[in-house]
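Fold and contact review
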Amino acid sequence: QVQLVESGGGLVQPGGSLTISCAASGSIFRTNAMGWYRQAPGKQRELVAVFTSGGSTNYADSVKGRFTISRDNAKNTVYLQMNSLKPEDTAVYYCNAAIQSSYYGTVNDYWGQGTQVTVSS
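1. Structural notes on the sheet that holds strand β7 (residues 67–72)
On the basis of which strands lie adjacent, the open sheet formed by 4 strands has the order β1-β3-β8-β7 and antiparallel pairing. Single-partner strands in this sheet number two, and they are β1 (2–7) and β7. The sheet shows a mean angle of 15° between the axes of neighbouring strands, direction not considered. Relative to strand β8 (residues 77–82), β7 runs antiparallel, the two being bridged by 6 bridges. The residue bridging T68 from the neighbouring strand is Q81, located in β8.

2. Concerning unusual backbone geometry
Excluding glycine, most residues fall at negative phi; most peptide bonds, likewise, are trans. The phi dihedral of N76 is positive, around 50°, even though this residue is not glycine. Mapped onto the elements of the fold, N76 is located in the loop between β7 and β8. Even without being glycine, S84 reaches a positive phi, approximately 50°. Along the chain, S84 turns up in the loop between β8 and β9 (91–100). Judged by relative accessible area, which is 41%, S84 ranks as partly exposed.

What counts, and at which threshold
Residues numbered from 1 in each chain as written. Predicted model: local features only at pLDDT ≥ 70, side-chain atom pairs only at ≥ 80, totals over all residues. Heavy atoms only, no water. Pairing = 2+ DSSP bridges. Helix = DSSP H or I, 4+ residues; strand = E, 2+ residues; numbered from the N terminus. Axes fitted to C-alpha atoms, helices over the stretch in contact; angles between N-to-C directions. Buried < 20%, exposed > 50% of the residue type's maximum accessible area, 1.4 Å probe, protein only.

And the structure:
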């Protein structure tokens, strides 16, 4: 009943920029946390950037100063602006959200299908 849809992935040259987005739809009472993970071939999925339940932001050390997470609460959408991209940023980027669908409901974890970001010359 809750769906996350990513968009905006693609091919970009090293040093370039790209912005990806994730739109949440369905029954949403409250979004406790929302952010981005990524997974490169042969590697574990890792946290990239997230809005915590307290409203603060956390970034992986590898992307600090280069990536910026933002959100539009009215649109239930989160964005990831990626600057100064490096080949090692190549991965499938997944949107993740911890959402309550009702006041008495528990927090459930939702994942998008992922969007491919490839950094190559």
